[in-house]
Amino acid sequence: MNYLIVGPSWVGDMVMAQSLFIDLQRRDPGAVIDVLAPAWSLPIIARMPEVHCGIAAPWSSGKLALKEQWRLARSLKGYDKAIILPRSFKSALIPFFAAVPERVGFSGEGRSILLTEARKRHPTREGSKITDRTVWRYLGLDASREDYARYQFEVPSPALRVDPENAAAVEQRLGLDPDKPAIAICPGAEFGPAKQWPLDNHRALAGKLTERGFQVWIMGGPKDTGAGEHIAAGQAGVFNLCGQTRLEDTVDLFNRCQRVVSHDSGLMHVAAAAGAEVVAIYGSTSPDFTPPLTDSARILQHPVECSPCFERTCRYGHYQCLTGISVERVVEACL
């Protein structure tokens with residue numbers, strides 16, 4: 001069967017979507033899987049062995065881009081089934097315009113008319129109990145109605161292809177020591193400060209790790225450059241790599257690390273899928289909802305009555321779910 005998968009727009013969600021691709025190929029070894037997704041995600045999609053082709057989506061935030069979607073849709077032929085992972089109206093348009101005979105996605109935004117099967121989402125929470133996971137939603141879209149009703153799935157762990165030669169080239173370009181053990185710290189979280197462990201804690205952590213013989217790589221995008229500078233400034237053996245690596249470079253560097261310390265963020269999922277051992281710090285969110293999909297993870301939380309709240313900022317202003325996680329506790333998890 002030929003599949004057109006409309007992929008999500010967040011790094012972590014795209015990595016988790018690989019569980020669906022693995023499951024599709026496991027059940028149908030002859031499956032051909034193409035993924036329609038934002039252009040930034042194509043390098044990470046190229047690291048997924050199950051995907052035949054990544055296709056750059058023409059839409060952008062806040063724009064429907066009907067003309068561009070129509071033009072691309074008319075060039076897409078031969079698909080038997082489309083699975084639309086995002087829940088937006090515009091994400092269902094291209095499979096509809098392309099007349100893919102089977103189009104499955106979640107209902108919402110009045111887009112059921114664009115789908116041949118619109119599934120109702122399971123509730124995410126019942127009180128404080130998590131009853132849903134992002135990866136379950138993805139796997140559920142290709143499950144039978146009976147399996148979806150049971151909502152119990154075996155989750156294959158994402159596994160991104162690693163390029164050791166690229167890792168060596170990036171290490172040389174950035175002046176990193178290929179013979180010294182490395183631990184990466186990822187201080188960013190696009191969602192908001194309620195996910196972010198304090199920068200001073202990250203800085204203290206980096207110092208303690210270098211004292212134990214590690215080099216420390218601060219990893220993130222251009223937006224994280226200032227945070228990386230705060231952590232690295234004046235500390236020998238701590239390298240601010242934020243904004244200096246491509247997304248595919250992070251896959252290769254993470255695979256080189258002994259540990260990766262991260263919040264509940266996209267890079268946490270990339271690190272897990274790259275084969276790294278992850279130390280995951282959770283604040284306002286929950287590992288019951290978006291866990292790192294690996295057996296090599298240590299989850300750190302500080303239980304407080306108001307957590308998880310899933311809010312971007314702390315409604316009380318104290319951020320105790322994060323500040324209650326000590327530097328010493330993270331050092332211990334890294335060792």
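Right above here is the structure, for reference.
Residues numbered from 1 in each chain as written. Predicted model: local features only at pLDDT ≥ 70, side-chain atom pairs only at ≥ 80, totals over all residues. Heavy atoms only, no water.

**Section: the pairing of strand β12 (residues 259-263)**
Alright, step 1. Here β12 lies mainly inside the structure; five of its five residues are buried.
Alright, step 2. Here β12 shows two buried faces, one formed by R259, V261 and H263 and the other by V260 and S262.
Alright, step 3. Of the strand pairs in this sheet, strand β9 (residues 182-186) and β12 are connected by four bridges, and their pairing is parallel. Note on β12: the bridge partner recorded for C186 is S262.
Alright, step 4. Alignment of β12 against strand β13 (residues 278-281), held across four bridges, turns out to be parallel. Its bridge partner lying in β13, V261 is registered against V279.
Alright, step 5. Assessed by its sense of winding, the connection that carries the chain from β12 through helix α11 (residues 266-273) to β13 is right-handed. (Buried < 20%, exposed > 50% of the residue type's maximum accessible area, 1.4 Å probe, protein only. Helix = DSSP H or I, 4+ residues; strand = E, 2+ residues; numbered from the N terminus. Pairing = 2+ DSSP bridges. Right-handed = clockwise from strand over helix to strand, strands pointing away.)

**Some points on the pattern of salt bridges**
Alright, step 1. Considering all chains together, one arrives at 18 salt bridges under this definition.
Alright, step 2. Of the charged contacts in the structure, one is a salt bridge between E154 and R26, with a shortest N-O distance of 3.8 Å. Pair noted here: E154 is in the loop between α6 (145-150) and α7 (164-174) and R26 is in helix α1 (residues 11-27), with a separation of 128 residues, a long-range link.
Alright, step 3. According to the relative accessible area criterion, R26 is partly exposed, its value standing at 43%.
Alright, step 4. The shortest N-O distance in the salt bridge between R256 and E171 comes to 2.7 Å. Note that R256 is positioned in helix α10 (residues 247-256) and E171 in helix α7, a separation of 85 residues in sequence.
Alright, step 5. One salt-bridge network, held together by shared partners, links D23, R26, R27, K81, E102, D142 and E154. (Salt bridge = Lys/Arg side-chain N within 4 Å of Asp/Glu carboxyl O.)

**Quick look at the layout of surface pockets**
Alright, step 1. In this structure, the largest pocket spans a volume of roughly 1,700 Å³.
Alright, step 2. Taken together, 50 residues form the lining of the largest pocket, with S9, W10, V11, G12 and D13 sitting closest to its centre.
Alright, step 3. At the level of elements, α1, α5 (134-140), α10 and α11 are the ones that each hand at least two residues to the lining of the largest pocket.
Alright, step 4. Take the lining of the largest pocket: its biggest share by element is four residues, from α1.
Alright, step 5. Its residues assigned to classes, the lining of the largest pocket comprises 19 nonpolar, 19 polar and 12 charged. (1 Å grid on protein atoms, 1.4 Å probe; cavity = no way out; pocket = protein on both sides within 12 Å on 5 of 7 lines; lining within 4 Å. Points joined across faces, edges and corners; volume = space filled by probe spheres on them. Nonpolar A, V, L, I, M, F, W, Y, C, P; charged D, E, K, R; others polar.)

**Observations regarding the sheet that holds strand β5 (residues 102-106)**
Alright, step 1. Reading across from one edge, β3-β2-β1-β4-β5-β6 is the order of the six strands in this open sheet, with parallel pairing throughout. With one partner strand each, in any of the chains shown, β3 (51-56) and β6 (117-119) form the two edges of the open sheet. Ignoring which end each strand starts from, the neighbouring axes of this sheet average 20° apart.
Alright, step 2. When strand β1 (residues 2-6) meets strand β2 (residues 32-37), the two strands line up parallel, connected through five bridges. Bridge pairing in β2 links I5 to V35. (Axes fitted to C-alpha atoms, helices over the stretch in contact; angles between N-to-C directions.)

**A word on the side chain of N166**
Alright, step 1. Tracing the chain through its elements places N166 in helix α7.
Alright, step 2. What N166 contacts, discounting residues up to four positions off in sequence, is R47, R246, E248, D249 and D252. (Contact = heavy atoms within 4.5 Å.)

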